[in-house]
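Structural overview
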Amino acid sequence: MTLAPTWAVIMIVHGPATSWRERYQRAVDYLQAHGVDYEIVLVDTNGEDRQALLDLHHAEPARTTLVHVDRALGERLAIAQGAHYARGNHLVLLGISEQENGLEASLERQLALPAAAHLIDAAHKRRPQLPLDQIRVKVPALQGGAPVFGSFLPFGAPNLGPEELAEVQDTLQSGWIGFGPKTQQFEREFAAYVGSQYAISVNSATAALQLSLMALGIGPGHEVITTPLTFAATANVICHVGATPVFADIDPVTFNLDPEKVRAAITPRTRAILPVHYGGLPCDMAALDAIADEHDLVIVEDAAHAIGALYQGKKIGALGHLTCFSFYANKNLTTAEGGMMTTDDPALAEWATVNRLHGLSADAWKRYGTTEIIPAKVKYPGYKYNMTDIQASLGIHQLRKIEAHLRQREVYAEQLDELLGGDPAITLQPRPTDIDQNRHGLHLYLVKLDQASLSLNRNEFVRALRAENIGAGIHYEPLHLHPYYSDLLGLGTGSYPVAEEVGNGVISVPLVPQMTSEEVAAIAYTIRRLIDYYRD
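These remarks concern the structure in this document. Source: prediction; values computed, not measured.

A word on the overall build of the protein
Within the protein, the regular secondary structure consists of 19 helices and 17 strands. Residues classed as buried in the protein amount to 54% of the 536 residues present. A separation threshold of at least 6 residues defines the contact pool for the protein, and within that pool the share at least 24 residues apart is 73%. Split by element, the accessible area of the protein, about 21900 Å² in all, is 53% carbon and sulfur.

Quick notes on the packing of aromatic side chains
With the rule as written, the count across this model stands at 13 aromatic pairs. The interplanar angle of 50° and the centroid separation of 5.6 Å between the aromatic rings of Phe-186 and Phe-327 together place this pair among those described as tilted. One end of the pair, Phe-186, is in helix 8 (residues 181–194); the other, Phe-327, is in the loop between strand 13 (322–326) and strand 14 (339–343), with 141 residues separating them in the sequence. Each member of the pair Phe-186 and Phe-327 is classed as buried. A ring pair is formed by Phe-231 and Tyr-476, whose centres lie 6.2 Å apart and whose planes are at 45°; its orientation type is tilted. Here Phe-231 is found in the loop between strand 7 (223–226) and helix 10 (232–240), whereas its partner Tyr-476 is found in the loop between helix 16 (458–467) and helix 17 (483–489), with 245 residues between them in sequence.

Digging into the packing of helix 9 (residues 205–215) against helix 13 (residues 346–355)
Between helix 9 and helix 13, the least distance of the axes is 10 Å, while the angle of their chain directions is 130°. Our classification of the angle between helix 9 and helix 13 gives oblique. The hand of the helix 9/helix 13 crossing is right-handed. Along the contact surface, helix 9 presents Leu-211, Met-214 and Ala-215, while helix 13 presents Leu-348, Trp-351, Ala-352 and Asn-355. Looking at the contact of helix 9 with helix 13 residue by residue, the classes come out as six nonpolar, one polar and no charged.

Quick word on the side chain of Lys-138
Residue position: Lys-138 is located in the loop between helix 6 (132–135) and helix 7 (162–174). A residue is classified by how much of its surface remains accessible, and Lys-138, at 9% relative accessible area, is buried. At 3.0 Å, the side chain of Lys-138 and the side chain of Glu-468 are in polar contact. Beyond its immediate stretch of four places on either side in the chain, Lys-138 contacts Leu-130, Ala-146, Val-148, Glu-468 and Arg-529.

As for the sheet that holds strand 16 (residues 445–449)
What the three strands build is an open sheet, ordered 15-16-17; its pairing is antiparallel. Both edges of this open sheet fall to strand 15 (426–428) and strand 17 (506–509), since each of them pairs with a single strand only. The sheet shows a mean angle of 35° between the axes of neighbouring strands, taken without regard to direction. With three bridges joining them, strand 15 and strand 16 adopt antiparallel strand pairing. Its bridge partner being in strand 16, Leu-428 is matched across the sheet by Val-447. Here helix 19 (residues 517–534) sits on the sheet in contact with strand 15, strand 16 and strand 17, set at roughly 145° to strand 15.

Quick word on the nonpolar core
Phe-461 and Ile-527 are the most contacted members of the largest nonpolar core, which has 39 residues in total. Listed by contribution, the elements that provide at least two residues to this core are helix 6, helix 15 (389–420), strand 16, helix 16, strand 17 and helix 19. Top contributing element to this core by residue count: helix 19, with ten residues. Setting aside residues up to four positions removed in sequence, Ile-527 forms contacts with Leu-420, Ile-426, Phe-461, Leu-465 and Val-509. Membership of the second largest hydrophobic core comes to 37 residues, among which are Ile-266, Ala-306, Ile-307 and Leu-333.

Examining the packing of helix 8 against helix 15
Packing of helix 8 against helix 15 brings their axes to within 8 Å, and their N-to-C directions diverge by 25°. By the criterion of interaxial angle, the relationship of helix 8 to helix 15 is roughly parallel. Between helix 8 and helix 15 lies a crossing whose hand is left-handed. Contacts between helix 8 and helix 15 involve Pro-181, Lys-182, Thr-183, Gln-185, Phe-186, Glu-189, Phe-190 and Tyr-193 from the first element and Asp-389, Ala-392, Ser-393, Gly-395, Ile-396, Leu-399, Arg-400, Ile-402 and Glu-403 from the second.

Topic: the environment of Ile-316
Mapped onto the elements, Ile-316 comes out in the loop between strand 12 (314–315) and strand 13. Dropping the residues within four chain positions of it, Ile-316 is found in contact with Val-194, His-277, Pro-282, Glu-301, Ala-303, Ala-306, Ala-309, Tyr-311, Thr-323 and Phe-325.

Some remarks on the pairing of strand 16
Here strand 16 lies mainly inside the structure; five of its five residues are buried. Of the two faces of strand 16, the one lined by Tyr-445, Val-447 and Leu-449 and the one lined by Leu-446 and Lys-448 are each fully buried. Two strands pair when backbone bridges link them, and strand 16 and strand 17 are joined in this way by four bridges, in the antiparallel orientation. Counterpart to Lys-448 in the pairing with strand 17 is Val-506.

Focus on helix 10
The periodicity of an α-helix, 3.6 residues per turn, causes residues three or four positions apart to be oriented the same way. Residues of helix 10 that are buried: Ala-233, Thr-234, Ala-235, Val-237 and Ile-238. Buried residues in helix 10 make contact with helix 9, strand 7, strand 8 (244–247), strand 9 (270–274), strand 10 (298–302) and helix 17. Backbone geometry just after helix 10 places Gly-242 at a positive phi near 90°.

Cut-offs applied
- Sequence positions are assigned chain by chain, starting from 1 and proceeding in written order.
- Owing to the predicted nature of the model, reporting of local features is limited to residues with pLDDT of at least 70; listing and counting of side-chain atom pairs is limited to 80 or more, with chain, interface and lining totals taken over all residues.
- Only hydrogens and water are set aside; all other atoms, that is, all heavy atoms of the structure, feed into the side-chain values.
- The helix and strand labels rest on DSSP assignments: H or I over at least four residues marks a helix, E over at least two residues marks a strand, and numbering proceeds from the N terminus.
- Three exposure classes are used, based on accessible area relative to the maximum for each residue type with a 1.4 Å probe and protein chains only: buried under 20%, partly exposed in between, and exposed over 50%.
- Note on definitions: a residue-residue contact is assigned when non-hydrogen atoms from the two residues lie within 4.5 Å.
- Accessible surface area values rest on a Shrake-Rupley calculation with a 1.4 Å probe, where residue burial reflects the displayed protein chains alone.
- Pairing of aromatic side chains requires ring centres within 6.5 Å, counting the rings of Phe and Tyr and the six-membered ring of Trp. Pairs whose planes differ by under 30 degrees are stacked, by over 60 edge-to-face, and all others tilted.
- In this description, a line fitted to the C-alpha atoms serves as the axis of each element, helices being fitted only across the stretch in contact, and the angle between N-to-C directions of two axes falls anywhere from 0 to 180 degrees.
- Note on angle classes: values under 35 degrees are labelled roughly parallel, values over 145 roughly antiparallel, values of 65 to 115 roughly perpendicular, and the remainder oblique.
- It is the rotation of the near helix from the far one that decides the hand of a crossing: anticlockwise by less than a right angle makes it left-handed, clockwise makes it right-handed.
- When residues are grouped by polarity, Ala, Val, Leu, Ile, Met, Phe, Trp, Tyr, Cys and Pro land in nonpolar, Asp, Glu, Lys and Arg in charged, and all others, Gly among them, in polar.
- Each polar contact in these results corresponds to two N or O atoms within 3.5 Å; when the atoms are within protein, one needs to be able to donate a hydrogen and the other to accept it, and residues that are neighboring in sequence are counted only if both atoms are side-chain atoms.
- Strands are labelled as partners when DSSP assigns at least two bridges between them.
- Residues grouped as a nonpolar core are buried Ala, Val, Leu, Ile, Met, Phe, Trp, Tyr and Cys residues, joined through side-chain atoms within 4.5 Å.

Given below as structure tokens:
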């Protein structure tokens, strides 16, 4: 398999073909003379001589990528002249524009930067050290063999580029860094993306879940049904509002809530269902809606994994319920920390908007961003749960990339499916095939191990993958087996057997758009090799 290029050079294309063709050739000559494995991204900003660009791309498809952007974006890229940033295994050099003088000097300066040397070294180390055919027969690193990767391949590394950097810098220089105009812009664009009437930003999905339950009047004496196979926050917020979490077992195929188990868990105290779109796969919302309607219950969706997911032609977040998203550092869309609530209900949106920021009638941007005196009145004893413009600066551009990133995740997920499928020791979470109507959000790529056929348990298998420098994760140990919920609810092993089987056997492997197909293949080959080595 051909290695991906280590260096990508972004060349801003202006003017006639004779001018940029010369700069292109000079850049190629310089990189080749210095032994650099390169790719050149030609950014066409004005549409002139487009056929010449196409001809060059078709002549050297392995070395060139062609991108057409509007003039404004091209100028923003050109402003970043001399900058560099990491993109997966690439070190991207910006700013080879129409300047005829200094092209080689610009390349030389960037290649010589200490940070550039560090990044290029890290990129080489992270690549698989062994050919794929050798991974199939290698001794595991836990048993003394060499690791597959020279440095650690993390789970869920964020994918940030110059657009986010420029937006954050603009915010820092604006004089307003708290909740303000960019957060409001992010909310509007997020609502438009998912198709909801309102989007209310907060500082975490945990805050979104808590506010959602409170807005719906859930509190002491009430029960909320949810899945035991989820992060602690899902159940914790139920406790935070004074209600009692009630777990229902999951479906053995989808790993999501089993609607019939939800129905069986309903009591006179039940007020809400809190489904989790586990891994990014939408729950059976039609069945859960029918149960909720039958028993006069409300639904709050935990969509921490599910941005971009579709259910019956609608994006998660537009199904008519309060829906809560996470923008934590390892999520498909990140603001470092942050979250969002979506709803079509204006009363719920107004309540959440006020209560996320101390319960005040006017936020700081309204009070201080005007020459008018706008006194703020306490309407509720609210919370400090707001997002900031610094975080929203990341979110604005992460949102614009989400579809392209999801398509790349799908490509890599299909590659993993092909390489991992067919082994009886592996069960994969299914993904819909009609992705224009039903679509997996692919926050997690989940591999369930048949531990009975292996000589080591799931945790030891994860340890073996990490020894190969593959950042596998565990999502999750079922909550009813954690001491707090076990003691609170009188639960233990055997209470929810399907969740226990999945939770004790599932692993998550790195799946991010900035990976290379070579890395994806090496992950799959390593999993197959470890299974073969430790198979009973």
